[in-house]
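# Remarks on the overall topology
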Amino acid sequence: MVNFVSIASAAVLLIITIFYFWRKNQKNYRLPPGPTQNVIFGNLMELIYSTLIKGESPFIKLAQWAFQTGPICYLRFFRQRVVVISDARVAQRLCVNQADKFSERPPGLLLSRVLKDKGIVFNDGPSWKEHRTFLTHEFRKYGFGKQSMEQRIQYVVDEYLHQITKTNGLVHDPHPNIATAVYNIIWTVISGDQFKWGDPFLQKVIKNLETNLQAVELTGPHNYVTILTVFHLLWHNFLHLWKITLMRLVYFKQLIGKFKKYQKQSTNSEEEESMMLDYLVKMQDAKNCGEPTYFSETQLLWLVSDLFIAGGETTITTIRWILLCLALYPEVQERVQQEVTEVFGRDSTPAYCQRTHTPYTEAFINEVLRMGGVTPGMWRNTSQDATYENYDIPKNTWVLLHFYAMNNNQDQWEDARKFKPERFLNDEGMFCKNENLLAFSIGRRECPGQGLAQTELYLFTVGILQKFKVALPNDEKNIDVNNGQFGITYTPPHHRLQFIAV
Ligand code: HEM
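Note that this is a predicted model, so its numbers are computed, not measured.

### Side note on the UniProt feature "binding site: heme" (unreviewed entry) in the protein
Annotation from UniProt places "binding site: heme" (unreviewed entry) at Cys447. With respect to the helices, strands and loops of the structure, Cys447 is situated in the loop between helix H16 (403-407) and helix H17 (450-467). Contact partners of Cys447, with chain neighbours within four places excluded, come to Arg132 and Phe440.

### Quick word on the site of the ligand
Around the ligand there are 25 residues in total, and Arg105, Arg380, Ser441, Arg445 and Cys447 lie nearest to it. Arg132 has a polar side-chain atom sitting 2.8 Å from an oxygen atom of the ligand. Separating an oxygen atom of the ligand from a side-chain N or O atom of Arg445 is a distance of 2.8 Å. Only helix H6 (125-141), helix H13 (297-328), strand S3 (378-381) and H17 provide two or more residues apiece to the shell around the ligand. The leading source of residues in the shell around the ligand is H13, at five residues. Looking at the shell around the ligand residue by residue, the class counts come to 14 nonpolar, seven polar and four charged.

### A closer look at the pattern of salt bridges
For the structure on display, the rule yields 15 salt bridges. A salt bridge links Lys260 to Glu297; the nearest nitrogen and oxygen atoms lie 2.8 Å apart. With a gap of 37 residues between them, Lys260 in helix H11 (residues 238-265) and Glu297 in helix H13 connect regions that are remote in the sequence. Within this structure, Glu367, Arg370 and Arg423 form a network of salt bridges that share partners.

### Comments concerning the sheet that holds strand S2 (residues 80-85)
Spatially, S1-S2-S6-S3 is the arrangement adopted by the four strands of the open sheet, whose pairing is mixed. Bordering the open sheet on either side are strand S1 (72-77) and S3, each of which pairs with just one other strand. Between one strand axis and the next, the sheet turns by 25° as a mean value, whatever way the strands run. Examined bridge by bridge, S2 and strand S6 (residues 398-401) share four bridges and lie parallel to one another. Paired with Val83 across the two strands is Val399, which belongs to S6. Contacts between helix H3 (residues 58-69) and the sheet are confined to S1, S2 and S6, with S1 contributing the most and set at about 130° to the helix. Here helix H4 (residues 88-95) sits on the sheet in contact with S2, S3 and S6, set at roughly 125° to S2.

Calculation rules
- Residues numbered from 1 in each chain as written.
- Predicted model: local features only at pLDDT ≥ 70, side-chain atom pairs only at ≥ 80, totals over all residues.
- Heavy atoms only, no water.
- UniProt positions renumbered as here; feature names shortened; annotations may be inferred.
- Helix = DSSP H or I, 4+ residues; strand = E, 2+ residues; numbered from the N terminus.
- Contact = heavy atoms within 4.5 Å.
- Near = heavy atom within 4 Å.
- Polar contact = N/O pair within 3.5 Å; in protein donor to acceptor, adjacent residues only side chain to side chain.
- Nonpolar A, V, L, I, M, F, W, Y, C, P; charged D, E, K, R; others polar.
- Salt bridge = Lys/Arg side-chain N within 4 Å of Asp/Glu carboxyl O.
- Pairing = 2+ DSSP bridges.
- Axes fitted to C-alpha atoms, helices over the stretch in contact; angles between N-to-C directions.

Written out as structure tokens, the structure is:
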């Protein structure tokens, strides 16, 4: 007992001493406003109470603080400074106008620690830059809007529609078919190849990709204090998580190996151009010329993994939201369907470049991206001291671009929680982009897969409505659209659907 008291007292004394010296070394910054803070823990205890005790999502707690305070809200979680941005115009002024200072990921974030120097999403520095430049160039080269890529996507959409036809209007969970289609599209973008529908290897990869998403929550208390990170990892059985990640890498290694073997045997050069081949050629060229490069077989593995994760879960979840919103708002569905059939009929192949002829359909997709914003938020880190209006944002502050808060900001969106595609139409009924919607983020870290994602969302929506009416079963008609689940993505409440041929 005595031992425990002395250890506890020593620990408390140590925390106070560390805190005292840390505060003593702080410059006097003019920090943005925020809720009241405890001298030592800042806002950490309140976050712990609301998330771990009351079971609220950390994203919701952070949004509440932001709405109480204003578009730029300052918080502190023990020693970690955090700024929450809940207004797209402020995000633009920081991440575009001061891009040099707001384009890194927080180095202390759990995922950044695990993925430091790997792939692209949580990578930083010259390795990130080289991979980011490559990806941007490749997406431009195989461009979206260009026919060959769109044909590949359309091929998968057609297969998906075929699978839906086989459900014969019966009620089912739409998730597995969407996941199969979307991951197949990613693989075709990376390798130029495709899996057969229901391929057991693809199903294994999908199962793996969907397993540990809960544990990588981005804004909870475990992200800011190392001891909480350790508890979090133990709670989520860190060894099991690691095993799943290693298994995923083994799967991707097998895919890359198969791709390389096929390339060696193949003689047809023109048709088989692909992102992966370009990566391997670039890597070999740099090696041959003795040029320094961050391209390597291991990096390729992490890049493929990142593309599957960043491009898969987001697109799948958005298509799930699209289908749910069609079913929940039959009058909206009728209007989109009428427009789609007027422009494309029931059998002709739609093209993304014709979207200007379907303004209501585009408005509908944008309203889904707002209401069901699948990426509730993303982190940046200040690499130097920065300012915003009269406020300082010190170096190494974590900046949360809180997209969920931006999408629900009553100052920007009238009746924010109402589903109203018309808000994206002008007086002439034409589609009007709204600068307050940052579904794909902004600045140097904005989503490089935006063109691919938008093409997919459009071709799926149009393809489905050319052939089917989407409906919820009678006992699920009162699903609350505002009741999504926060994880690394914001997912719709569980639901099943019927696709009735028209
Ligand atoms: C509806 C679908 C999608 C949405 C809503 C979405 C949204 C986002 C958002 C919000 C970010 C964070 C940017 C930031 O840090 O500020 C991001 C990053 C990223 N996305 Fe997407 N995305 C989607 C689809 C895709 C697809 C299809 C791909 C590629 C296959 C992709 C690849 C990436 C990558 C690699 C990053 C990291 C960029 C970097 O850190 O430099 N995304 N995405």
